[in-house]
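# Residue-level structural notes
Take a look at the letters that make up each chain.
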Amino acid sequence: MFPIVGSVNQYNLQVQQKWRTAVKKIMEGGKSFFYKAILVTFGIVISVTVFCIFFLKRIIFVPVMNRTAENNVLYFLLAFFCSFGIFLLLKCIWKAEAVIDKKKLFFIMAAASVLVYGIQIIIIKHIWFETGWDVTCVYYDAVHRAEEGTLLGAHEYFAISPNNIMLTFVFANICRVLYLIGIRSYYPILCCIGAMLINVSGFLVFAIVCKLSKSVKTALVTWCIFTALIGLSPWMCVPYSDVYAIWFPIVIFYLYLLSPEKLSGKAAKWIGIGFLSKFGYEIKPTASIITIAIVLILLIHFLEKKDRKKTLVELLFLGVGCLLGIGFSIYAEKYMGFLPDRDKDLPIAHYLMLGQNDNTYGVFSGTDRSFTLQFDTKGEKIENDLRVAKERVLARGITGNIKFYLIKNMVNYDNGTFSWAYEGEFFKDVSLREDRLSIFLRDIYYPDGKYHRAYSTFCQGIWILTLAGCVGIVFDRNRMEFVVPALAVLGLTLFLLLFEARARYLFLYTPVYLLLGGIGLKNLYFGLIEKLRYFMNRERHG
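Residues numbered from 1 in each chain as written. Predicted model: local features only at pLDDT ≥ 70, side-chain atom pairs only at ≥ 80, totals over all residues. Heavy atoms only, no water.

## Notes on the overall build of the protein chain
Along its length, the protein chain carries 20 helices and two strands. Put simply, the protein chain has 542 residues, and 51% of those count as buried. In the protein chain, of all internal contacts separated by at least 6 residues, the share reaching a separation of at least 24 is 81%. Of the roughly 26200 Å² of accessible surface on the protein chain, 66% is carried by carbon and sulfur atoms. (Helix = DSSP H or I, 4+ residues; strand = E, 2+ residues; numbered from the N terminus. Buried < 20%, exposed > 50% of the residue type's maximum accessible area, 1.4 Å probe, protein only. Contact = heavy atoms within 4.5 Å. Areas by Shrake-Rupley, 256 points an atom, 1.4 Å probe, with all protein chains shown as cover.)

Here it is in structure tokens:
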């Protein structure tokens, strides 16, 4: 009798073990499928975007056009020759026999970044200007707080748009330091600090691409593309959230890739991610999308029932960092002396309604703004904004919505200068220097300049090249490191499709696009070489 019971118990244990093993395999397979599905979806979305830029741009109307040459063929040829040039460069440097020590390499790249920063300062010195729109409110209120200690109080602009309080706080403290040491040229110095943040982002792009691609050459080429498109972009002359938030997504992803061994290092990593996510959110809300992608991956790890304790600890430290960020945000609000009025605040529902505007395709609408502000309470604003948004979506029908979102996606993506100089009262106060270098640089960067169309077309070609390179990530589906940035880009694209649209809103994620594009170009390059070798060998052997 007892041997039989023992056999039954042993059999039950074996069944339970097999069941656990089967469930584990299903979970691992499901996770792998989910990750690959994200990368494939990312590839499809970017491919459709590039296709629309090439072929649908002149067939269907796009309200915010770029100042490039009119012929789509020129975009294609420019992108093709840029790609061909990159491929040749890759081929040449891949054959180089010299091996550079990593420490020396990073010193070289640091020196190159300093050189680029010097060029950026020269550009700012010769073309800087004061712009209007939101930048004016943020800048002058920061200056008043720094010089006179003026508190915002129930400020009308910030009551409607409280999301710029943190940026004003940052500017006020920078201006305060400059004021105490006797410097009054606040605006150009704020531009120079923004340029520095762009440079830091470019250096991190190099470091991350070097780590993920395991290729110094790919990282170098990616950094060169970043410098041409973003490092020398005129947006550095506009001290606003797009430039000041550019470092958040790439720093967060860099921290995510770190693998510290000690508990203190792990705590610092996740607390840092949490704090930067909240800090970045206060500067530019979309900066936190990459953290949402990270949290989603952590939740998948938790559901996998593998290292649950480790995942919970990571989420706990992340939460602590977010709480520190919330505390810092409250401090900034009190420092600025802002008295919030939640009934005046434009709710998220307003931006959803604005994002469904059939006349502007999601770009700013004064009519929509006036519509929302006519209601007295926040509840009334939300109710009526959601009602109008729903009516707009339903009125278009299925075909109309497909066309609408295709156009809106091009509004976001079809501009290699990220809608440079399209904001209201852009060149508010221009100091026109008459030396040759200033005139030459204005001819490049100012919309009425002789070379501005050529510059815009160049940027468009580089941007299309970057997007096309992003598709190459799909050929590396087994590399799970790409899931977070790909998911972040998908999240950003979806956000801009639903809410307010602008090509400028992509700017802070350009380091993420470029690291994906640089590694993707490498994949496409080697994939093309392998295909050519295969066909050549096939012809030789009959």
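We are not done yet, so read on.
## Things to note about the pattern of salt bridges
By the definition in use, this model includes eight salt bridges. Here glutamate 391 makes a salt bridge to arginine 387, at a shortest N to O gap of 3.3 Å. Here glutamate 391 pairs with arginine 387, and both are found in helix H16 (residues 378-413), just four residues apart, close to one helical turn. According to the relative accessible area criterion, arginine 387 is partly exposed, its value standing at 38%. (Salt bridge = Lys/Arg side-chain N within 4 Å of Asp/Glu carboxyl O.)

## Re the confidence of the model for the protein chain
With 82% of its residues at a pLDDT of 70 or more, the protein chain shows a mean pLDDT of 84. When mean pLDDT is compared element by element in the protein chain, helix H10 (residues 247-257) scores highest at 96, while helix H2 (residues 72-94) scores lowest at 60. (pLDDT = per-residue confidence, 0-100.)

## Some details on a negative patch on the surface
Together, Asp341, Asp343, Asp376, Glu380 and Glu383 give the surface a local cluster of negative charge. Accessibility expressed as a relative area gives 35% for glutamate 380, which makes it partly exposed. (Patch = residues over 30% accessible without salt bridge, like charges linked within 9 Å, V, L, I, M, F, W, Y side chains within 5 Å. Lys, Arg positive; Asp, Glu negative; His and termini not counted. Charge placed at Lys NZ, Arg CZ, Asp CG, Glu CD.)

## Overview of the packing of H10 against helix H11 (residues 263-283)
At a closest axis distance of 10 Å, the pairing of H10 and H11 adopts a crossing angle of 165°. Relative to H11, the element H10 is oriented roughly antiparallel. As H10 runs across H11, the sense of the crossing is left-handed. Along the contact surface, H10 presents Trp247, Phe248, Val251, Ile252, Leu255 and Tyr256, while H11 presents Lys269, Trp270, Gly272, Ile273, Leu276, Ser277, Phe279, Gly280 and Ile283. Of the residues belonging to the contact of H10 with H11, the class tally is eleven nonpolar, three polar and one charged. (Axes fitted to C-alpha atoms, helices over the stretch in contact; angles between N-to-C directions. Parallel < 35°, antiparallel > 145°, perpendicular 65-115°, else oblique. Left-handed = near helix turned anticlockwise from the far one by under 90°. Nonpolar A, V, L, I, M, F, W, Y, C, P; charged D, E, K, R; others polar.)

## Concerning helix H8 (residues 216-231)
For H8, with 16 residues, the first-to-last C-alpha span of 20 Å runs short of the 22 Å given by 1.5 Å per residue. Listed in full, the buried residues belonging to H8 are Thr218, Ala219, Val221, Thr222, Trp223, Ile225, Phe226, Thr227, Leu229, Ile230 and Gly231. (Expected span 1.5 Å × (residues − 1).)

## What about the packing of aromatic side chains?
The final tally for this structure, using the stated rule, is 42 aromatic pairs. Pairing tryptophan 133 with tyrosine 240 gives two aromatic rings, centres 5.1 Å apart and planes at 75°, and the pair type is edge-to-face. With tryptophan 133 in helix H4 (residues 133-148) and tyrosine 240 in the loop between H8 and helix H9 (241-244), this pair connects stretches of sequence that are 107 residues apart. An identical accessibility class is assigned to tryptophan 133 and tyrosine 240; each is buried. Relative to phenylalanine 427, the ring of phenylalanine 426 has its centre 5.2 Å away and its plane inclined at 70°; by these criteria the two rings are edge-to-face. Phenylalanine 426 sits in the buried class, given a relative accessible area of 4%. (Phe/Tyr/Trp six-rings, centres within 6.5 Å; stacked < 30°, edge-to-face > 60°.)

## Comments concerning a nonpolar patch on the surface
Among the surface-exposed residues, Ile122, Leu437, Phe440 and Tyr451 lie close enough to one another that they form a single nonpolar patch of about 350 Å² accessible area. Within the element layout of this structure, tyrosine 451 appears in the loop between helix H17 (436-445) and helix H18 (452-471). Judged by its relative accessible area of 37%, tyrosine 451 is partly exposed.

## Observations concerning unusual backbone geometry
Notably, lysine 214 is not glycine yet its phi reads approximately 55°, a positive angle. Along the chain, lysine 214 turns up in the loop between helix H7 (186-213) and H8.

## Brief notes about the side chain of serine 329
With respect to the helices, strands and loops of the structure, serine 329 is situated in helix H13 (residues 308-335). In contact with serine 329, not counting residues within four places along its chain, are Met166, Lys278 and Glu282.

## Topic: the environment of tyrosine 525
Along the chain, the position of tyrosine 525 falls in helix H20 (residues 510-540). Linking tyrosine 525 and glycine 469, residues 56 residues apart in sequence, is a C-alpha distance of 9.5 Å.

## Overview of the packing of H7 against H8
Geometrically, a packed helix pair is captured by the angle between its two axes and the distance between the axes. Interaxial distance between H7 and H8 falls to 8 Å at its minimum, and their mutual angle equals 155°. Classified by the interaxial angle, the pair formed by H7 and H8 is roughly antiparallel. The handedness of the crossing between H7 and H8 is right-handed. In this structure, H7 contributes Ile198, Ser201, Gly202, Phe203, Val205, Phe206, Val209, Cys210 and Ser213 to the contact, and H8 contributes Val216, Thr218, Ala219, Leu220, Thr222, Trp223, Phe226, Ile230 and Gly231. Residue composition of the contact of H7 with H8, by class: twelve nonpolar, six polar and no charged.

## What about the side chain of threonine 131?
Positionally, threonine 131 belongs in the loop between strand S1 (129-130) and H4. Taking relative accessible area as the criterion, threonine 131 reaches 2% and is therefore assigned buried. At a separation of 2.7 Å, a polar atom in the side chain of threonine 131 contacts the side chain of tryptophan 133. Those residues within four positions of threonine 131 in sequence are excluded, and the remaining contacts are Thr136, Tyr187, Val238, Glu425, Phe426 and Lys428. (Polar contact = N/O pair within 3.5 Å; in protein donor to acceptor, adjacent residues only side chain to side chain.)

## Considerations on helix H14 (residues 348-355)
Ala349, His350, Met353, Leu354 and Gly355 are the residues of H14 that are buried. Among the structural elements, helix H15 (366-373), H16 and helix H19 (483-498) are those in contact with the buried residues of H14.

## Some remarks on the environment of phenylalanine 248
Structurally, phenylalanine 248 can be placed in helix H10. With 51 residues separating them in the primary sequence, phenylalanine 248 and leucine 197 have C-alpha atoms 9.6 Å apart. When neighbours within four sequence positions are excluded, phenylalanine 248 is seen to be in contact with Leu276, Phe279, Gly280, Ile283 and Ala287.

## Points about the environment of alanine 112
Residue placement: alanine 112 occurs in helix H3 (residues 102-127). Using a relative accessible area of 19% as the deciding quantity, one classes alanine 112 as buried. Expressed as a C-alpha distance, the spacing of alanine 112 and phenylalanine 203, which sit 91 residues apart in the sequence, is 9.5 Å.

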